[in-house]
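Listed here are the chains, written in short residue letters.
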Amino acid sequence: VCLLAQSSTITVEGMGMSENAAIENAKRNAVEIGIGTIMSSETLVKNSVVFSDDIFAKAIGFVKSYKKIDGYKGSDGLWIVTIEAEVTDILDEVLQDELAVQTLLNAMDRPKIVFLIREDNLIDNTPTDFAETKLLSMFYEKGFDVVDRQLVAALKGDPDYTSALAGNVAAAAQIANQLGADLVVIGTAKISSGGKVYSMTSGQADLNAKIVRGDTGEILAIVPKAHGKKPHISPSTAGINAVNEAAELLGKDIIGQLIRKWSTQQA
């Protein structure tokens, strides 16, 4: 079996009371193999009924094309068919399934995550945390365990906290350990004005971030730049809308990178 993120060719058998039924069973088996590279076998068995109904039913969509290699009717009346199936976009399809994502998070023991985002608001010239708030909300809704912001705020003034905000990966890992987190996201956010467009102000925001393992300091994901741009009659609101847009792009990128990395580990 050769499984890739974009396309996979799988040779698999299926059984059924008729040749067509055996082919459909083989398609489902091909999908199960693909799912199995992403989910742990224990989790797959534990949720077999749900997966049968929710994911395996999508077999036709997963199997882009197939050709029958062999087929015969056994002495017991059952057909046994061997097909070579091209299963396409298996990983992307599974990522769109919330149940599959939650199962993967469970397989990874629900990693706890902490956010350390330094935000410069050049429009209001005041300390803000709009990007961090948006990211916290996104990861929480996706099913991640996030560290309470009050616990993070209590570390302000700690040398490691200051160094982590400045981009020091080792210091960020130390902060994660102090807070009992498995992962830490460190990054910067800059909110600025792009000038006036008629009576509107163009809000601009640029974010970057990296996600670090708390135990080893290994960098798991990097997003070098996420840009947001939103107009509004209020300069402050334009900036907030722009940074929320950029934070959403950054959060989706990080989550996608993490899930792909963890899927490979589970495989």
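Counting from 1, residues in each chain are numbered in the order their sequence is written. Residue-level local features of this predicted model are given only where pLDDT is at least 70; pairs of side-chain atoms are given and counted only at 80 or more, and the full residue set underlies all totals for whole chains, interfaces and linings. With hydrogens and water set aside, each side-chain value is computed from the structure's full complement of heavy atoms.

Glancing now at the layout of surface pockets. Grid spacing is 1 Å over the protein atoms alone, the probe is 1.4 Å, and a cavity is where that probe fits but cannot get out, while a pocket is an open set with protein on both sides within 12 Å along at least five of seven lines and lining residues have an atom within 4 Å of a point. Grid points are joined across faces, edges and corners, and a volume is the space filled by probe spheres set on the points. Reported here for the largest pocket is a volume of approximately 300 Å³. Among the elements of the structure, β4 (112-121), α8 (149-153) and α9 (159-165) are those that each provide at least two residues to the lining of the largest pocket. Each helix corresponds to a stretch of at least 4 residues labelled H or I by DSSP, and each strand to a stretch of at least 2 residues labelled E; elements are numbered beginning at the N terminus. Among the elements that line the lining of the largest pocket, the one with the most residues is β4, at five residues. Gly is placed with the polar residues, together with every amino acid not listed as nonpolar (Ala, Val, Leu, Ile, Met, Phe, Trp, Tyr, Cys and Pro) or charged (Asp, Glu, Lys and Arg). Across the lining of the largest pocket, the residue classes break down as eight nonpolar, one polar and six charged.

What follows deals with the nonpolar core. One recurring pattern in soluble globular proteins: nonpolar side chains tend to sit buried together. Joining through side-chain atoms within 4.5 Å is the link that ties buried Ala, Val, Leu, Ile, Met, Phe, Trp, Tyr and Cys residues into a set, and such a set is a nonpolar core. Think of it in three bands: with a 1.4 Å probe and only protein chains considered, a residue is buried below 20% of the maximum accessible area for its type, exposed above 50%, and partly exposed in between. Counting residues in each nonpolar core, the largest one holds 36 residues, and the members touching the most others are F139, L207, I211 and I254. Counting residues per element, this core draws most heavily on helix α11 (residues 235-266), at ten residues. Should any heavy atoms of two residues lie within 4.5 Å, those residues are counted as being in contact. With near-sequence residues (within four places) excluded, I254 lies in contact with F139, V185, A209, I211 and V223. With 18 residues, the next largest nonpolar core counts L155, I175, L179 and V212 among its residues.

The subject of this paragraph is the sheet that holds β4. A pair of strands counts as paired when DSSP detects no fewer than two bridges linking them. As summarised here, the arrangement of the five strands in space is β5-β4-β6-β7-β8, forming an open sheet in which the pairing is mixed. A strand with exactly one partner marks an edge of an open sheet, and here the two such strands are β5 (145-146) and β8 (219-232). Summarising the sheet, strand β6 (residues 183-197) and strand β7 (residues 200-213) pair through 13 bridges and their orientation is antiparallel. What sits directly across from V184, in β7, is V212. To define axes, lines are fitted to C-alpha atoms, for helices over the stretch in contact only, and angles between the resulting N-to-C directions are given on a 0 to 180 degree scale. Where helix α7 (residues 130-142) meets the sheet, it contacts β4, β5, β6 and β7, and its direction lies at approximately 155° from that of β4.

Here the focus is unusual backbone geometry. The phi torsion at R110 lies on the positive side, around 45°, for a residue other than glycine. With respect to the secondary-structure elements, R110 resides in the loop between α6 (98-107) and β4. Under the relative-accessibility criterion, R110 is labelled partly exposed at 23%. Located in the positive-phi region is N125, a residue other than glycine, with phi close to 55°.

This next bit is on the pairing of β6. By the bridge criterion, nine bridges tie β4 to β6 in an arrangement that is parallel. Along β6, the bridge assignment pairs I117 with G187. As consecutive antiparallel partners, β6 and β7 are separated by two residues, and within that stretch Y198 has a phi angle of approximately 60°, a positive value.

So, about the confidence of the model for the protein chain. Residue-level confidence of the predictor is what pLDDT reports, using numbers from 0 through 100. A residue-level look at the protein chain finds 79% of positions with pLDDT of 70 or above and a mean pLDDT of 82. Overall, residues 1-6 carries pLDDT values under 50, and its contacts beyond four positions in sequence, including any with other chains, amount to 16 contacts. Contacts from residues 37-61, a stretch scored under 50 in pLDDT, to residues over four places away or in other chains number 47 contacts.

Mapped onto the secondary structure, S236 falls in helix α11. For S236, a relative accessible area of 28% puts it in the partly exposed group. Separated by 45 residues in sequence, S236 and I191 place their C-alpha atoms 9.6 Å apart. With sequence-adjacent residues up to four places away left out, S236 is seen in contact with I123 and D124.

Each Phe, Tyr or Trp ring, with Trp reduced to its six-membered ring, pairs with another whose centre is within 6.5 Å; inter-plane angles below 30 degrees give stacked pairs, above 60 give edge-to-face pairs, and intermediate values give tilted ones. On inspection of all chains with the given rule, the structure shows two aromatic pairs. Taken together, the aromatic side chains of F115, F139 and F144 make up a single cluster linked through ring pairs.

Turning our eyes to something else, we now look at a nonpolar patch on the surface. Where nonpolar side chains cluster on the molecular surface, the patch consists of V197, Y198, M200 and I233 and spans about 480 Å² of accessible area. Note on placement: M200 falls in strand β7. Two distance rules govern patches: like charges are joined within 9 Å, and nonpolar side chains (Val, Leu, Ile, Met, Phe, Trp, Tyr) within 5 Å, applied only to residues with over 30% relative accessible area and no salt bridge. Note on areas: Shrake-Rupley, 1.4 Å probe, and residue coverage restricted to the protein chains presented here. By definition here, a salt bridge exists when the distance from a side-chain nitrogen of Lys or Arg to a carboxyl oxygen of Asp or Glu is within 4 Å.

So, on to the pattern of salt bridges. Across all of its chains, the model carries eleven salt bridges by this definition. Between K67 and E84 there is a salt bridge, with the nearest N and O atoms lying 3.9 Å from each other. Taken together, the residues K67 in strand β2 (residues 63-73) and E84 in strand β3 (residues 79-88) connect sequence positions 17 residues apart. One salt bridge connects K225 with D206, and the closest N-O pair in it is separated by 3.8 Å.

What follows covers the side chain of E119. Of note, E119 is situated in strand β4. At 8.0 Å, R149 is the nearest oppositely charged side chain to E119, a buried residue that forms no salt bridge. Polar contact criterion, stated in full: a pair of N or O atoms within 3.5 Å, where within protein one must be able to donate a hydrogen and the other to accept it, and residues adjacent in sequence count only if both atoms are side-chain atoms. Among the polar contacts made by the side chain of E119, one reaches the main-chain amide nitrogen of F130 at a distance of 3.1 Å. A polar contact of 2.8 Å, which involves the side chain of E119, links it to the backbone nitrogen of A131. With sequence-adjacent residues up to four places away left out, E119 is seen in contact with T128, D129, F130, A131, E132, A189, I191 and V243. Positive charges are assigned to Lys and Arg, negative charges to Asp and Glu, while His and the chain termini are left out of the count.

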